[in-house]
Each structure stands twice: as C-alpha cells, then as structure tokens.
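Here is what each chain is made of, one letter per residue.
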Amino acid sequence: MQLIQTAHELAEVVAEQKRAGRKIGFVPTMGALHQGHAALVERAKLESDFVVVSIFVNPLQFGAGEDFDKYPRTLDVDARLLSDIGADVLFAPSAAEIYPADGQIKRLSAGELGEVFEGKTRPGHFDGMLTVVNRLFDLVNPDLVFFGAKDAQQVALVRRMLNEQISVGERAPIRLVECETVRDLAGLALSSRNRYLSEHQVGVARTLIAALREAAKFEDRAKALDAGKAALSPEARLDYLELVDADSFEVLESSKGKKARLIIAAYVGDTRLIDNLVIDRTS
Ligand code: PAF
C-alpha cells in the first residue's frame, strides 16, 4: 500500500491506473478505523480494481464545542489495518492540501435536508461534509464510492449531490455503493466514537438498536416512537427518534406500505451516537 499525502502525487497514481483501464474505488474516512471501515474497503476491493482510502479529519464538519480536537487520530494503526486488508492507496492529506489558502474551494450547501435531524443539532455539519466529499471526489476521481448506511442522512445528501452534478455534466459518473451497517454481537453500530465509551456506557449505547427494533414492530408513528423510547436506557439522553421516508427523510405518520426508516440520535455521557433501521413495508 502506498501512503500519499499530496493531491499532485495522488492524481499521477490514479491517472496511471485509469490509463491501464482500472476502476477506482474510493472509501472516504476520518480515520480511527474499525471493522465497519474494513467492510467498506472489502466491498470496494470486490467491486473495483484499485482502492483508495482517505483519512482526513475535516474541520469544516465539526461545530463549535464538538469533538474536533479530541477526535481520535491513529494514522499508524489505521495504515497497518488498511495495508493488511489490501487497500492500494492511503491518501492522508494535510488541511492545507485539502483547503489551500490560495485555492478556489467550492463550498457546498446541503439545503433543507441538511437542516433537519443531524443538521438541526449540528448546524453546518452537512455543508462541511459535502464540501470535503466534493473536494475529495475531485482529487481522487473515483468510479465508485463506498459509504456506510449508519450515516443515512450523509448518504442521502452525497447521493443527491452526485445525481445533480452528473445530470448537468459537471462530473463524470460515479456509482455510490451504500454498505450495510456493521454491528457488534449485541447490535451496537460500530463507530469511531464508540471508543469514547466506558464499558458501562457500551451497555447503555446498545439500547439504541434495541429502541429501533422495538419501534420497528409498529406501523403507526406514535406507537413506534413510544415503544422505542421505552426500550432506550434512561441513561441515554435522546436527541431524536423519528419515523421517516427512507430516502427523503420526510416524517411519516405510518410506515404501512412504505419504505421507511427509523432514525435515532442520543447522547451517552458526552458521546453523541446515531443509528437507523430501514423498514420495508412495500410488499
Ligand atoms: O463519514 C465520515 O467519516 C465523514 O463524514 C466523511 C465522509 C469522511 C467526510 O469527512
């Protein structure tokens, strides 16, 4: 595996692969890698010929008072994991490489979908996320990109951005592959932020999936949310639990006949965790 830190070197390596007719798969990450990321890389290896993984803790997607400073930075361990699982390139740029002082970086806005749920609690988060993802797509020039379903609102926004850019010819086609959330044996969605949790808090965090699973037993929104809230540990501070359309994130009164999604965000101690479950009642 090659460790690349500059956009210039990355462009050369990718161009050479493309000239050889290879499909480039790209997995963007902020590091602190876990088995969820490993699953994205494995999938990328299956569906493409050359796999680039980026590690960049993007300051633009953290709000004031969030965990940008303490976000785990574990580049050496991450690099070893990526090399072991067979990624071809680890792109680990500096902030100056992503946001050059003299550069014309296009700032993106996530619009209304960026202002609800995650976006309501974390104003500006999705604008910053889309801005860096767009920049990384420009630098990596991938054919396929791989995102985890745990960050469902992120996936929806990136998909919409790509569809818009591709439809107006602003970007060559990129296929977005949404990969299933990887969970521990008790169902806790793997997340880099889980490493902030004490052993006791892991138990509390596991009640997020319990809440989603209980809620999923009911079609009616009010019943679903009541059941979900009852299953969540009282030690978790709920931000939101909602029943929404799986793709548009519009609130639904019932999941009957719909492809719906239950979404949850809660604080366990100071750690903010999210999860979601798709409920397909279309057949
Ligand atoms: O999901 C993440 O880790 C980040 O939001 C991403 C996509 C790498 C952009 O910084």
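Keep in mind it's a predicted model, so treat the numbers as computed, not measured.

Student: Could you give an account of the overall build of the chain, with specific residues and numbers?
Tutor: The secondary structure content of the chain amounts to 10 helices and 9 strands. Compactness check: the chain gives a C-alpha radius of gyration of 19 Å against a globular reference of 19 Å for 283 residues, within 12% of the reference. On the principal axes, the C-alpha backbone points of the chain span a range of 55 × 45 × 35 Å. Buried positions account for 52% of the 283 residues belonging to the chain.

Student: Explain the sheet that holds strand E1 (residues 2–4) residue by residue, including any values.
Tutor: Read across the open sheet, the 6 strands follow the order E1-E4-E3-E2-E5-E6; overall the sheet is parallel. Strands at the two margins of the open sheet, each flanked by one partner only, are E1 and strand E6 (175–179). Adjacent strand axes in the sheet meet at a mean angle of 25° when their direction is disregarded. Judged from the 3 bridges that link them, strand E3 (residues 50–55) and strand E4 (residues 89–91) form a sheet pairing that is parallel. Looking at E4, one finds that Val53 is bridged to Leu90. Of the strands in this sheet, E1, strand E2 (24–29), E3 and E4 touch helix H1 (residues 7–19), which is tilted by about 135° from E1. Of the strands in this sheet, E2, E3, strand E5 (144–148) and E6 are in contact with helix H2 (residues 35–47), which crosses E5 at around 155°.

Student: Let's hear about empty space enclosed by the protein: which residues, and what values?
Tutor: A complete count under the given rule lists 1 cavity of 30 Å³ or more for this structure. Each pocket or cavity is described by its volume, and for the largest cavity that value is around 80 Å³. Surrounding the largest cavity, Glu118, Lys150, Asp151, Ala152, Gln153, Tyr240, Phe249, Ile263, Ile264, Ile274, Asp275 and Asn276 form its lining. Element by element, the count of residues in the lining of the largest cavity is highest for strand E9 (residues 271–280), at 3 residues. The residue inventory of the lining of the largest cavity, partitioned by class, reads 6 nonpolar, 2 polar and 4 charged.

Student: Tell me what's going on with the pairing of E9, and back it up with residues and numbers.
Tutor: Taken residue by residue, a regular strand's side chains alternate between the two faces of the sheet. With 7 of 10 residues buried, E9 is to be regarded as a mostly interior element. Of the strand pairs in this sheet, strand E8 (residues 259–268) and E9 are connected by 10 bridges, and their pairing is antiparallel. Across the sheet, residue Tyr267 finds its bridge partner in E9, namely Arg272.

Student: Go over the site of the ligand with me, naming the residues and quoting the values.
Tutor: Taken together, Pro28, Thr29, Met30, Gln61, Met129, Val132, Val133, Phe147 and Gln154 make up all the residues around the ligand. Gln61 has a polar side-chain atom sitting 2.6 Å from an oxygen atom of the ligand. Here an oxygen atom of the ligand sits 2.7 Å away from a polar atom, N or O, in the side chain of Gln154. Protein chains shield 89% of the accessible area of the ligand, which is 290 Å² for the free molecule.

Student: Report on the packing of aromatic side chains, specifying residues and quantitative values.
Tutor: Centre distance and the angle of the planes are the two values used to describe a pair of aromatic rings. Counted by the stated rule, this structure contains 6 aromatic pairs. Plain terms: the ring middles of Phe137 and Phe147 are 6.4 Å apart, the flat faces sit at 80° to each other, and that makes the pair edge-to-face. Placement of Phe137 in helix H6 (residues 125–140) and of Phe147 in strand E5 is noted, with a sequence separation of 10 residues between them. Residue classification places Phe137 among the buried positions, given a relative accessible area of 1%. Members of the aromatic cluster, each reached through a chain of ring pairs, are Phe26, Phe137 and Phe147. The ring of Phe68 has Arg73 lying over it, and the distance from NZ or CZ to the ring centre is 4.8 Å.

Student: Go over unusual backbone geometry, please, and point to the residues and values.
Tutor: Excluding glycine, most residues fall at negative phi; most peptide bonds, likewise, are trans. Not every positive phi belongs to a glycine, and Ala32 is a case in point at roughly 50°. In this structure, Ala32 sits in the loop between E2 and H2. By relative accessible area, which is 0% here, Ala32 ends up buried.

Student: Could you give an account of helix H7 (residues 152–167), with specific residues and numbers?
Tutor: Under the 1.5 Å per step criterion, the end-to-end length of H7 is 22 Å for 16 residues, consistent within 8% with the ideal 22 Å. Among all positions in H7, only Ala152, Gln153, Gln154, Val155, Ala156, Leu157, Val158, Met161, Leu162 and Gln165 are buried. The elements touched by buried residues of H7 are helix H5 (118–121), H6, E5, E6, E8 and E9. Once H7 ends, the next one or two residues include Gly169, with phi positive near 75°.

The rules behind each value
Residues numbered from 1 in each chain as written. Predicted model: local features only at pLDDT ≥ 70, side-chain atom pairs only at ≥ 80, totals over all residues. Heavy atoms only, no water. Helix = DSSP H or I, 4+ residues; strand = E, 2+ residues; numbered from the N terminus. Rg over C-alpha atoms; globule rule 2.2 N^0.38 Å. Buried < 20%, exposed > 50% of the residue type's maximum accessible area, 1.4 Å probe, protein only. Pairing = 2+ DSSP bridges. Axes fitted to C-alpha atoms, helices over the stretch in contact; angles between N-to-C directions. Contact = heavy atoms within 4.5 Å. 1 Å grid on protein atoms, 1.4 Å probe; cavity = no way out; pocket = protein on both sides within 12 Å on 5 of 7 lines; lining within 4 Å. Points joined across faces, edges and corners; volume = space filled by probe spheres on them. Nonpolar A, V, L, I, M, F, W, Y, C, P; charged D, E, K, R; others polar. Near = heavy atom within 4 Å. Polar contact = N/O pair within 3.5 Å; in protein donor to acceptor, adjacent residues only side chain to side chain. Areas by Shrake-Rupley, 256 points an atom, 1.4 Å probe, with all protein chains shown as cover. Phe/Tyr/Trp six-rings, centres within 6.5 Å; stacked < 30°, edge-to-face > 60°. Lys NZ or Arg CZ within 6 Å of the ring centre and 35° of its normal. Expected span 1.5 Å × (residues − 1).

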